[in-house]
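# Examination of the molecular architecture
Below are the chains, spelled out letter by letter.
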Amino acid sequence: MALLEIQNVTRRFGDFTAVDNVSIGIEAGEFFTLLGPSGCGKTTLLRMIAGFDLPDGGRILLKGEDLVDRPPERRPMRMVFQSYALFPHMTVEGNVAFPLQMAKTPASEISAKVEAALEDVRLTGFDKRYPHELSGGQRQRVAIGRALVTHPSVLLLDEPLAALDAKLREEMQIELINLQKEVGITFVYVTHDQTEALALSHRIAVMNKGRIEQLDVPSKIYGFPKTRFVADFIGHINLLSGSVSERQGGVITLAVEGLGPVRVTSASPISVGGAGTIALRPEKIRIQSSAPTDSPDNHYRGTVGDLLYMGDVTVYKVSIPGGTRIEALLANSQSGRAKFFEIGDAVEVSWPVDAGHLIEE
Ligand SMILES: Nc1ncnc2c1ncn2[C@@H]1O[C@H](COP(=O)(O)OP(=O)(O)OP(=O)(O)O)[C@@H](O)[C@H]1O
Ligand SMILES: [Mg+2]
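A quick note: this is a predicted structure, and the numbers were derived from the prediction, not measured. (Residues numbered from 1 in each chain as written. Chains lettered and ligands numbered in written order. Predicted model: local features only at pLDDT ≥ 70, side-chain atom pairs only at ≥ 80, totals over all residues.)

Another point: the overall build of the protein. Along the backbone of the protein there are 8 helices and 20 strands. Seen through its principal axes, the protein has C-alpha atoms that stretch 80 × 50 × 35 Å. Every one of the 361 residues in the protein was classed for burial, and the buried ones make up 35%. Within the protein, residue pairs in contact and separated by at least 24 positions form 64% of the contacts whose partners lie at least 6 positions apart. (Helix = DSSP H or I, 4+ residues; strand = E, 2+ residues; numbered from the N terminus. Buried ≥ 20, exposed ≤ 12 C-beta atoms within 10 Å, placed from the backbone. Contact = placed C-beta atoms within 7 Å.)

Before going further, it helps to examine the domain arrangement of the protein. Segmentation of the protein into domains returns domain 1 (4–232) and domain 2 (236–360). For domain 1 versus domain 2, the distance between C-alpha centres works out to 39 Å. Across the boundary between the two partners, domain 1 contributes 8 residues, which contact 6 residues of domain 2. With 3 residues, helix H8 (residues 228–233) is the single largest residue contributor to the side of domain 1 that touches domain 2. Here the residues of the side of domain 1 that touches domain 2 sort into 3 nonpolar, 2 polar and 3 charged. (Domains from an automatic or database assignment. Nonpolar A, V, L, I, M, F, W, Y, C, P; charged D, E, K, R; others polar.)

Right, let's get into the site of ligand 1. Around ligand 1 lies a shell formed by Phe13, Ala18, Gly36, Ser38, Gly39, Cys40, Gly41, Lys42, Thr43, Thr44 and His192. In terms of residue count, the dominant contributor to the shell around ligand 1 is helix H1 (residues 42–50) (3 residues). When its residues are assigned to classes, the shell around ligand 1 shows 3 nonpolar, 7 polar and 1 charged. (Near = placed C-beta within 6 Å.)

Now for the environment of Arg74. Counting through the fold element by element, Arg74 comes out in the loop between strand S5 (65–66) and strand S6 (77–80). For Arg74, a count of 10 C-beta atoms within 10 Å translates into the label exposed. Between the C-alpha atom of Arg74 and that of Gly250, which follows or precedes it by 176 residues, the distance is 54 Å.

Moving on: the pairing of strand S13 (residues 260–265). Both strand S12 (residues 251–256) and S13 contribute to a ladder of 6 bridges, which runs antiparallel. Opposite Ala255, over in S13, you have Pro261 as the bridge partner. Between S12 and S13, which pair antiparallel one after the other, the connecting turn spans 3 residues, and Gly258 there sits at a positive phi close to 80 degrees. (Pairing = 2+ DSSP bridges.)

Moving on, we come to the sheet that holds strand S4 (residues 57–62). Strand order across the open sheet formed by 4 strands is S2-S1-S4-S5, with antiparallel pairing between neighbours. The sheet is open, and its two borders are formed by strand S2 (16–26) and S5, each paired with just one other strand. With 5 bridges joining them, strand S1 (residues 4–13) and S4 adopt antiparallel strand pairing. Note on S4: the bridge partner recorded for Thr10 is Gly57. Against the sheet, H1 touches S1, S2 and S4, its axis set at about 60 degrees to S2. (Axes fitted to C-alpha atoms, helices over the stretch in contact; angles between N-to-C directions.)

Next up on the list: the packing of helix H4 (residues 136–148) against helix H5 (residues 166–183). Relative to each other, H4 and H5 sit at 20 degrees, their axes nearing to 11 Å. Relative to H5, H4 is oriented roughly parallel. In the crossing of H4 with H5, the sense of the turn from one axis to the other is right-handed. Where H4 abuts H5, its residues Gly136, Gly137, Gln140 and Leu148 lie against Leu168, Glu171, Met172 and Val183. When its residues are assigned to classes, the contact of H4 with H5 shows 4 nonpolar, 3 polar and 1 charged. (Parallel < 35°, antiparallel > 145°, perpendicular 65-115°, else oblique. Left-handed = near helix turned anticlockwise from the far one by under 90°.)

The next thing to look at is the sheet that holds strand S11 (residues 238–248). Across the sheet, 5 strands lie side by side as S13-S12-S11-S14-S20; this open sheet has antiparallel pairing. Two strands lie at the open edges of the sheet, namely S13 and strand S20 (357–360), each paired on one side alone. Looking at each pair of strands side by side, their axes are set apart by 45 degrees on average, direction ignored. Where strand S14 (residues 275–280) lies against S20, 4 bridges are found, and the strand directions are antiparallel. Counted as the bridge partner of Thr277 is Ile359 from S20.

Inspection of the secondary structure assignment puts Asp53 in the loop between H1 and S4. Once the C-alpha coordinates of Asp53 and Arg11 are considered, the two residues, 42 residues apart in sequence, prove to be 9.2 Å apart. With sequence-adjacent residues up to four places away left out, Asp53 is seen in contact with Arg11, Thr44, Arg47 and Met48.

Under the 1.5 Å per step criterion, the end-to-end length of helix H3 (residues 107–120) is 21 Å for 14 residues, consistent within 8% with the ideal 20 Å. Considered for burial, the residues of H3 that qualify are Val114, Ala117 and Leu118. Seen along its axis, H3 keeps its buried residues to an arc of 95 degrees; they face one direction. Relative to its buried face, H3 has exposed residues pointing more than 90 degrees away, namely Ser108, Glu109, Ala112 and Glu119. The elements touched by buried residues of H3 are helix H2 (92–102) and H4. One or two residues past the end of H3 sits Arg122, with phi positive at roughly 55 degrees. (Expected span 1.5 Å × (residues − 1). Arc of directions from axis to C-beta.)

What follows is the structure, given as structure tokens:
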């Protein structure tokens, strides 16, 4: 049995179902992420794990024990909020010591524990400062230190980096990965940022409208999305829908309106006539002025409709005469090379049959 078992948990507000029959097993030492758009039920689920709210149906177990009768302070869990929630009139030391005082830890042990927690979050020497004397990143580290100081079994983090700017957020992501490895505590992390989820997590549950659409390791979530929603939510993707016109060996041909036949390798048992969508990442697509016509790859002629220069890469939106637009991404790795094509250029887009991934509908 997993450390934390969420079994068929449902939460309704009036006749609206915020969390809909969710089941997850989270292992000890895991960095587990709940990822989904605003309003999909992430915070509601986290609050039930913490004990701030109770499910209308289902059970939450820790080490096999049902937590229903345990109030938040009697659960070996701590929550870290987006807003830090530090006490402004207390020093860093006072903030971090607070949960220990609440737990009636002997005074003689408190300072060593506080010092160790501050070392974990790389804030040694900051103990006498007040929250207003710290940067946003440092405040969030105090909040995490305060959560870790009682050595909980599970740390619940609700969008802890959302208030930070992009560069600081990336630094903090690396710190969180290292911290989690060091302390070995199970992290349940909530975010609506897919790159953050992919970077941090051992496993991700992608949520949509209160339900889990896919639960998997990051590379599977990114490379093999199970549903259209997951494919679309996790980064940029081309979604080519149609019906199966042929199956041969492990290769399926999909008749895509506005594009033509597209071939894709797939182990799916989908039969001829069935509806499917090919999910294809822009970085898997080649874009050239002309491609060899005898190649077994999928290839289509079109014109560059739009382009977006992003420094390291350029995104090209290629219009195919039938009406489809294909998004391709090219690395600008050659020095001094800003872009390879201009708007209006005739180009050929192509991709191997194993570059895409078939989603059955
Ligand atoms: N106490 C409540 N009463 C009524 N509706 C609620 C309550 N709490 C949450 N909801 C609703 O439940 C849904 C899920 O809310 P939740 O806060 O869990 O979303 P979220 O995934 O955390 O979103 P965000 O990314 O914006 O924080 C929302 O539609 C919200 O309005
Ligand atoms: Mg939320």
